[in-house]
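# Observations on the model geometry
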Amino acid sequence: MSENIYTRKIGEEYDTVFRQCVSLNTELHKLVPLAKQMHLLSSNAVSSAARAGTEGDAFRVLTQDIQLLGDDVSHCIDDTQKVISEIVMLASGLASSFSNYMIYTDLLNRLDIDAMKTSPKFFEKGQKHVVDDIRENNHRLSRCIGILANLLSPVATLVKKGEYLAVCSSVEAASAGEHGVSFEAVATMLRALVSQLGKQSARQRSLLRDLSEAMERQQQNQRNLMYAR
Amino acid sequence: MRVEHLFNKNTHSWMVMGRDEDRRKEVIDTNQYLIQHNGRGLLLDPGGVENFSVVAAEFSKHFDLADVEAVFASHQDPDVISSLPLWIQTNPNLLVYMPKIWVSFITHFGVKIENIRPIPDEGGLITLGGHDLEVIPQHYLHSSGCLSIYDPQAKILFSGDIGAALLPDDYTDLFVTDFAEHTKYMEYFHRRWMPSNTAKLRWIAEVRKRDVDMLCPQHGAIFKGEDVDKFLTWFENLDVGSGWSGVR
């Protein structure tokens, strides 16, 4: 493959990686209102349990679990947002470093060796710094994507836990008869929120997979271009 | 692309590079200058990231750029200095002289503070290979932190954006050939980009204290001989800060 084709492909892939980072960032931001709704739900659960009086002991235990679930989702969001911000920065930094790499390539192609007072090695040294930066940032980007995948993996477990809590809440609400009416509403809302969390989590995993693949393609083409020289 | 010696005597020289016909048309043409003294080099307003490779390749034909020890930035604009990270990546020990007030802005280009030598508002001296160059304040012309450089040996004044002209593409001369005709390329630029008549008069008074053979702007053509004084008089009489119809 010629250098120009690699260059064009890498340019397109940087664009793809950057756009996918932004999409993933947007998708992760959607979890913020969801976490807020979960906290609101746990407050509702507290009031429902109080309204049930002595019949509401089981509700109180479930309420604590719902609160813990909300906290787990919030922590997960906080951690992923830090990592995704770094990913977006690294992706944009890589695009800029690659542009510098191409500027050096253009310069080295322009040098008329016979008429030069400056050794090409002087500029090659500059280009080498750029290549080192690219390599280091690619490494950091891969590491961050791995961290993000690890941070997102418990979400599937949280969804399962939420579904289980919703079922338990419904069962307890039904057995409490008229004392459980308002807790049934809590269970219904929990089911809806958990279902939403499950859909978002699936979408995030799919975006993360696309991002990892785009990263790998971009890194491979970059290696082909840089080491082919 | 034109590269010419403006002065070349013993171990001291000035070179200019400009009129890059291959540049993208939406990018303003810039003049880059290289001063050499005793084998040491100083680049003045090395230009934007867009023309780094052209500037470096052209000057490399005339000088070993490994001996460029410093860059001078008259002000903070991207056409002046956005190539800086590339110059520093090439030579991590490069010094960057710049108006003090722009230090925390220019570091946004990714330049490390260790490379920066801030120049105070009142100007001062830059020593290159044992030769002193005077730094003259030209604040508010156009940037609020802006500096010119005067070389007493070559009698050349680098004036940044003062004297700049927006030339048509077919203007290939490096020097002003017909001053009266040339004013039409300068007038709008100075009315629009220069905001202060007070600063203008103060700078002109400073320049008139010196013996100037050439006045070298960052854009447009160079003034030499009588045209230097013609320019100063023309500029003195121009009402700057009036290029927007809303303030006329």
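The coordinates are above.
What counts, and at which threshold
Residues numbered from 1 in each chain as written. Chains lettered and ligands numbered in written order. Predicted model: local features only at pLDDT ≥ 70, side-chain atom pairs only at ≥ 80, totals over all residues. Helix = DSSP H or I, 4+ residues; strand = E, 2+ residues; numbered from the N terminus. Buried ≥ 20, exposed ≤ 12 C-beta atoms within 10 Å, placed from the backbone. Pairing = 2+ DSSP bridges. Contact = placed C-beta atoms within 7 Å. Nonpolar A, V, L, I, M, F, W, Y, C, P; charged D, E, K, R; others polar. Axes fitted to C-alpha atoms, helices over the stretch in contact; angles between N-to-C directions. Parallel < 35°, antiparallel > 145°, perpendicular 65-115°, else oblique. Left-handed = near helix turned anticlockwise from the far one by under 90°.

### A short note on the overall build of chain A
- What chain A contains, in helices and strands, is five helices and zero strands.
- Along chain A, helices and strands appear, N-terminal first, in the series α-α-α-α-α.
- Once the C-alpha set of chain A is aligned to its principal axes, its extents read approximately 95 × 25 × 20 Å.
- Buried residues in chain A amount to 34% of all 229 residues.

### Focus: the pairing of strand β10 (residues 147-151) of chain B
All names here are of chain B.
- Where burial is concerned, most of β10 is hidden: five out of the five residues are buried.
- Where burial is concerned, the two faces of β10 agree: the one with L147, I149 and D151 and the one with S148 and Y150 are both buried.
- Of the pairings in the sheet, the one linking strand β9 (residues 131-137) to β10 comprises four bridges and is antiparallel in character. Considered in β10, the bridge of V135 is made with I149.
- With three bridges joining them, β10 and strand β11 (residues 156-160) adopt antiparallel strand pairing. Across the sheet, residue D151 finds its bridge partner in β11, namely I156.
- Hairpin connection, β10 to β11: the antiparallel pair is bridged by four residues, and K155 has positive phi, about 55°.

### Some thoughts on the sheet that holds strand β12 (residues 214-217) of chain B
Residues and elements named next belong to chain B.
- Pairing within the open sheet is mixed, and its six strands lie in the order β8-β9-β10-β11-β12-β13. Each of the sheet's edge strands pairs with one partner strand only, and the pair in question is β8 (124-128) and β13 (223-224).
- With five bridges connecting them, β8 and β9 associate as antiparallel partners. Opposite I126, over in β9, you have L133 as the bridge partner.

### Re the interface of chain B and chain A
- Counting from both sides, the interface comprises 15 residues of chain B and, opposite them, 17 residues of chain A.
- Broken down by secondary-structure element, the contributors of at least two residues to the side of chain B that touches chain A are α1 (52-60) and α3 (84-90) of chain B.
- Of all the elements, α1 of chain B adds the most residues to the side of chain B that touches chain A, at five residues.
- The class makeup of the residues in the side of chain B that touches chain A is eight nonpolar, five polar and two charged.

### So, the packing of helix α3 (residues 57-110) of chain A against α1 of chain B
- One can describe the packing of α3 of chain A onto α1 of chain B by two numbers: an axis separation of 9 Å at closest approach and a directional angle of 30°. The angle between α3 of chain A and α1 of chain B falls in the class roughly parallel. Remark: the crossing between α3 of chain A and α1 of chain B carries right-handed chirality. Two secondary-structure elements touch here, α3 of chain A through I103, D106, L107 and R110 of chain A and α1 of chain B through F52, S53, A56 and A57 of chain B.
- Split into classes, the residues belonging to the contact of α3 of chain A with α1 of chain B amount to five nonpolar, one polar and two charged.

### As for the pairing of strand β3 (residues 32-37) of chain B
All names here are of chain B.
- Counted residue by residue, β3 has six buried out of six residues, so it is predominantly covered.
- Because side chains alternate across β3, one face comprises the buried residues Q32, L34 and Q36, and the other comprises Y33, I35 and H37, equally buried.
- Sheet analysis places strand β2 (residues 12-18) next to β3, joined by six bridges and oriented antiparallel. Paired with S13 across the bridge in β3 is Q36.
- As paired elements, β3 and strand β4 (residues 40-44) share five bridges and run antiparallel to each other. Among the inter-strand pairings, Q36 is bridged to a residue of β4, identified as G41.
- Between β3 and β4, which pair antiparallel one after the other, the connecting turn spans two residues, and N38 there sits at a positive phi close to 50°.

### Looking at the sheet that holds β4 of chain B
Residue and element names in this part refer to chain B.
- One open sheet holds the seven strands; their spatial order is β1-β2-β3-β4-β5-β6-β7, and the pairing between them is mixed. The open sheet has two free edges, formed respectively by β1 (2-9) and β7 (116-119), since each of these has just one partner strand. Put simply, the sheet's adjacent strands are angled 20° from each other on average, direction ignored.
- In this sheet, β2 lies alongside β1 in antiparallel orientation, the contact comprising seven bridges. Bridge pairing in β2 links R2 to G18.
- α1 rests against β1, β2 and β3 of the sheet, and its axis sits at about 140° to β2.

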